[in-house]
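Here are the chains, one letter per residue:
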Amino acid sequence: MMASLETEILRFLNEPSEDKFEPLALAVFEYQRRQNPVYASYCEFLGTPQQVGSWKSIPSVPQQAFKRSELRSFAIEQTRAEFRTSGTTGEGYGKHFFQSLRLYEAAVQRSWDFFRLPRHNFVALMQHPDDAPFSSLCRMGGFLADFKRECFFITRNGCLELDRLKDRLTDRGKPLTLFGTALAFLNLMEQAPNLRVELRPGSIAMETGGFKGSGRDIGKRELYDRLFGQFGITTDSVWNEYGMTELSSQFYSYGLNRPHRSPPWMKFLIIDPNTNEEAPPGEVGLLRIFDLANLWSVLAIQTRDLAIAQPEGGFLLLGRDPGALPRGCSRAVDQLLQLIRD
Amino acid sequence: MTGMKLDDRIGAVASAAVDYPWLGDLRAENILRWVALELGELLREAEPAEYGRQHCFAQPLTPILHVVGGNTPHAALQSLIRGIIVGARNRMKLPQGGLPEVDEFSLRLPSALRPELAVQLDPGWAQDAEAVVVYGSDETVREFSQRLLPAQRLLAHGHKISFGLIWGSLEQGLVDGAARDVFVFDQLGCLSPQFYYVAGDSEGFASLLARRLEELCLATPVTRRGQEIAAALRGCREEWKFRAATEPGIVVWESAGTLDWVVIHDPAAVPAANPLHRTIFVKPMPSELGSALAPIRHQISTVGLHPVSLESVRQAIRLGAQRVCRIGQMQNPPLTWHHDGWPTLASLVRYVDIEGLG
C-alpha cells in the first residue's frame, strides 16, 4: 500500500498535474494519520475530522515539533536515513526520519529540472555527505554532484580547502555551479579577500540559509555584490534556496526582491497569526508549507517565518519572527569553520 | 542643574503625575518621605548637613542620560522622575517608535525641568553624561558600557525575570491578584510574572487563572496585535499545543480566536522561553527550587509570594530575589523600592564631604 503511495508521488514529481495534487495530499494525510501515532494524537487534540475536504484543511505541525517528538510515519525498524537540524539553539536538535530517500532525491533533482538550474561542474561549499551523514543539505549536494568527492570543498573537520577551491575556480574551462550556505560563501570571501575570478557565463551561485545566530551578518545585497565582485556572478545568477531539515523539498528564488517559488508538488498558505486562519491576499503572515514529498513524516509544516504571498505566485520571505530562536544548517557550518579558525 | 529648589521640583513632579496613577502615589508628601529616607537632608540646597564628624552635600550627577526601551512607558517615566527630583538635567533616548506618554508627561512639567528627548542618540549625550541609566537587553547595556569612561556612572537595568511562588490554599483573591499581575502592562514590565510555581494542585490553579484572565480581557479588550508580535505569540502557542497533545502533564488554556492570553501548565521545573503579552506558565513547585532557577539566578527581579511569611521570604531571597511582595502587588512597587537592588535616588548623586566647617 505504502509503496504504491510513494510510487504515486514519485509519478507526480516526474509528471506533475495540478488536479492530482489535492487527492494525493489527502491520501498522504490519511496515511500519516494512520501510521504516525504522534501526528494522530495531535489531530485528535485539534479535533480534526477523520476526513478533510481540502489540502488547506490538513493540520500542520509546528516546525519545533521535530525537536520534541519523532514524527515517523513508518515502523522505527524501517528507518533508512535521519537528518538533523543544527541544534544550535540550546533546545536540542530536530530529527527527520526517512524510510527511503527516493522521494527526497527525486524532489531535489526534479526541482532543479523545474527551475532549469545547471548542475554541471558542481562546486559544493559543504562537506561530503559521508562526512556529515545527518545533514540534509550535504545529502542534497550529494545528489546534485553525484556524490563525487572532488566536488566538495569542506573537509570532514570543517576546513575550507582553499587551494583546491582556487584551482577549481580559476580553471576557466566551463561554467560552474557554486552551492553552499550564505555563511560558507562569506567565509570563502573572508579567507580569500583578494581572490578575483571571472567565472564563465552560465555560472550560478546557489546560496541558502541566513546569518541569524551566527554573530555575523551582511545584507543579501552586499553578499550578492561581493559574489559579483569576486566571481563575476551577476545578481540575477545568484539563487536562493529556502528549505529546512523538516521538509523534503525546497523553494527557490533568484536575484533580489523576487518571490520564492515552489515546484508543483509543494503549496503554501500565509497564515494570519492573530486568527490562525488564512491571511487575506497581500497581508503579512506565517508561512505554512505542504510538501507531498514529506511522505515519511508529516505533509504540512507550520513555520515561524513571515512571508507575503505575491499576486503572480510565490511568496516574498520577510524573515523570521522575533520570538523564534536562531536555527539553521547555515549556522552549523559557520560554527564549524569558526571553531577551526579559532 | 535645573535652578529649581527641591521643594519646587517635588511640587512640579507631583502636579504632573496627577493623571498617571499607574506611576504610584506621587503626592508631594510621599516624595518628600522618599527623599528623606534615601538622602536625609543632604539634597537640601540651603546649607550642608551634618554627617558624622563632617558635613555633606548631595550633588546630582548631571546631566543624566536615560536610555529606555519600548516595553512600557513606566520605567522611562520613573527614571525621569528620579532624575528630576535629584536636580539633574535629563536627556532621554527613546525607542524607535517613541513613547507618547513621556512626551505628554514632559509637557506637564515647567520648562526648566523638561528633559531633552530624542529617538536618535546624539553621540555627545553619552560623552557629556555624568550618569547613564540604561534599560534594555544585555546587548544594549554592553554597548553603552563600552562607550563610557570609568568616571561616568552606569546604572544598567538589563533584562529581568519575575515570577511567583504559591503555597497553601488557592483562594479567589490569590487568583485575582495573580491574573492582575500578568494582565497589567501587557506583561511587558520587568516586574511582570512569567511563571508561577504552585505547591499542590498546579493544574487547578492554572485553570482558575485562565478563567480570570478571560474575564479581565472581556472587560478590557486587547487591540489586535502587530504581525511580528502576533507571529511570536502564535508560534509559541502552537508549539505548546502540539506538546499538550503529545506530552503528559502539559495543558494549554487559550483565548478563543484571539491572542489575548494563554495559560500553559508545564510540569518541567526549569523556566521556559516566554514571548510575554499575557503568556503565563504554571508549574508544579519543584523539590529543588534553587536548581530549577539556577539558569536565571542573576536575572531575577521580583518574586511574588503566597503567603508572605518569614519562611517564604527567606526562600525567595536565597533564590536571588531583588524584591519580594505579595502576589497581586508585583506591579506596584512602593516609591521607596530599590530598583534592581539599588537606592533609586542615592544612585544618581555624588556626595561632597566638607570637613572643618565647625
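Residues numbered from 1 in each chain as written. Chains lettered and ligands numbered in written order. Predicted model: local features only at pLDDT ≥ 70, side-chain atom pairs only at ≥ 80, totals over all residues.

A. Geometry of the overall build of chain A. Secondary structure summary: chain A contains 10 helices and 14 strands in total. In chain A, which comprises 342 residues, the proportion classed as buried is 49%. Looking at chain A alone, contacts between residues at least 24 apart form 67% of all its contacts between residues at least 6 apart. (Helix = DSSP H or I, 4+ residues; strand = E, 2+ residues; numbered from the N terminus. Buried ≥ 20, exposed ≤ 12 C-beta atoms within 10 Å, placed from the backbone. Contact = placed C-beta atoms within 7 Å.)

B. Focus on the interface of chain A and chain B. Each side of the interface is counted separately: chain A has 24 residues, and chain B has 21 residues. At four residues, helix H3 (residues 37-46) of chain A tops the list of elements feeding residues into the side of chain A that touches chain B. Across the side of chain A that touches chain B, the residue classes tally to 12 nonpolar, nine polar and three charged. (Nonpolar A, V, L, I, M, F, W, Y, C, P; charged D, E, K, R; others polar.)

C. Geometry of the sheet that holds strand E7 (residues 204-208) of chain A. Residues and elements named next belong to chain A. As summarised here, the arrangement of the six strands in space is E5-E4-E6-E7-E8-E9, forming an open sheet in which the pairing is mixed. Sheet topology places strand E5 (152-154) and strand E9 (251-254) at the edges, where each strand pairs with a single neighbour. This sheet shows a mean twist of 25° between the axes of neighbouring strands, independent of strand direction. Pairing of strand E8 (residues 238-242) with E9, which is carried by four bridges, proceeds in the antiparallel orientation. Residue pairing in the sheet places glutamate 241 in a bridge with tyrosine 252 of E9. Contacts from helix H8 (residues 182-191) reach strand E4 (122-127), strand E6 (177-181) and E7 within the one sheet, and its direction differs from that of E6 by about 105°. (Pairing = 2+ DSSP bridges. Axes fitted to C-alpha atoms, helices over the stretch in contact; angles between N-to-C directions.)

D. Layout of the packing of helix H1 (residues 6-16) of chain B against helix H2 (residues 28-39) of chain B. Residue and element names in this part refer to chain B. It is the contact of H1 with H2, at a shortest axis distance of 9 Å, that shows an interaxial angle of 130°. Comparing the axis directions of H1 and H2 gives the class oblique. The handedness of the crossing between H1 and H2 comes out as right-handed. Contact with H1, carried on its side by Ile10, Gly11, Val13 and Ala14, involves Ala28, Ile31 and Leu32 of H2 and no other residues of that element. (Parallel < 35°, antiparallel > 145°, perpendicular 65-115°, else oblique. Left-handed = near helix turned anticlockwise from the far one by under 90°.)

E. Molecular detail of the sheet that holds strand E12 (residues 279-284) of chain B. All names here are of chain B. Pairing is mixed across the open sheet formed by seven strands, whose spatial order is E10-E11-E12-E9-E8-E13-E14. Looking along the sheet, the strands with just one partner apiece sit at the ends: strand E10 (251-254) and strand E14 (323-326). On average, adjacent strands in this sheet sit at an angle of 20° to one another, irrespective of strand direction. Pairing of strand E11 (residues 262-265) with E12 involves four bridges; the strand directions are parallel.

F. Layout of the pairing of E10 of chain B. Residue and element names in this part refer to chain B. Where burial is concerned, the two faces of E10 differ: the one with Val252 and Glu254 is buried and the one with Val251 and Trp253 is not. As defined by bridge partners, E10 adjoins E11 across four bridges and the pair is classed as antiparallel. Opposite tryptophan 253, over in E11, you have valine 263 as the bridge partner.

G. Fine view of the environment of leucine 101 of chain A. Residue and element names in this part refer to chain A. As for its position among the elements, leucine 101 is in the loop between strand E3 (95-98) and helix H5 (102-114). When the C-alpha positions of leucine 101 and proline 37 are compared, they lie 22 Å apart, and in sequence the two are 64 residues distant. Aside from chain neighbours lying at most four places away, what touches leucine 101 is Arg80 and Ala81.

H. Representation of the domain arrangement of chain B. Residues and elements named next belong to chain B. Segmentation of chain B into domains returns domain 1 (6-159 + 339-354) and domain 2 (162-326). Listed by partner, the interface residues are six residues for domain 1 and six residues for domain 2. Partitioning the side of domain 1 that touches domain 2 into residue classes produces no nonpolar, five polar and one charged. (Domains from an automatic or database assignment.)

I. The arrangement of unusual backbone geometry in detail. With an omega of 0°, the peptide bond between threonine 62 of chain B and proline 63 of chain B qualifies as cis. Its location among the elements puts proline 63 of chain B in the loop between strand E2 (54-60) and strand E3 (64-67). Cis geometry is adopted by the peptide bond preceding proline 307 of chain B, which originates at histidine 306 of chain B and carries an omega value of -5°. Considering the arrangement of structural elements, one finds proline 307 of chain B in the loop between strand E13 (300-306) and helix H11 (310-319). A positive phi is found at asparagine 276 of chain A, a non-glycine position, where the angle reads about 65°. With respect to the helices, strands and loops of the structure, asparagine 276 of chain A is situated in the loop between strand E10 (266-272) and strand E11 (277-278). Given 18 C-beta atoms within a 10 Å radius, asparagine 276 of chain A is considered partly exposed. With a phi close to 55°, histidine 277 of chain B is a non-glycine residue in the positive phi region. Relative to the helices and strands, histidine 277 of chain B resides in the loop between E11 and E12. The class of histidine 277 of chain B is buried, set by 22 C-beta atoms lying within 10 Å.

J. Looking closely at the nonpolar core. Ranked by internal contacts, the top residues of the largest apolar core, which has 133 residues, are Leu125 of chain A together with Leu209 of chain B. Counting residues per element, this core draws most heavily on helix H9 (residues 227-246) of chain B, which supplies nine residues. Apart from the residues lying within four places of it in its own chain, the contact partners of leucine 125 of chain A are Phe153, Ile154, Leu178, Phe179, Gly180, Ala184, Phe185 and Leu188 of chain A. The next biggest cluster of nonpolar side chains, apart from the first, holds 47 residues, and it includes Leu61, Ile64, Ile85 and Ala88 of chain B. (Core = buried A, V, L, I, M, F, W, Y, C linked by C-beta atoms within 7 Å.)

K. Structural detail: helix H7 (residues 172-183) of chain B. All names here are of chain B. An ideal rise of 1.5 Å per residue puts 16 Å on 12 residues; H7 measures up with 16 Å between its terminal C-alpha atoms. Buried residues of H7: Leu174, Val175, Gly177, Ala178, Ala179, Asp181, Val182 and Phe183, and no others. The inward-facing, buried residues of H7 abut strand E8 (161-166), strand E9 (193-198), helix H8 (202-219), E12 and E13. After H7 finishes, the residue phenylalanine 185 shows a positive phi value of roughly 55°. (Expected span 1.5 Å × (residues − 1).)

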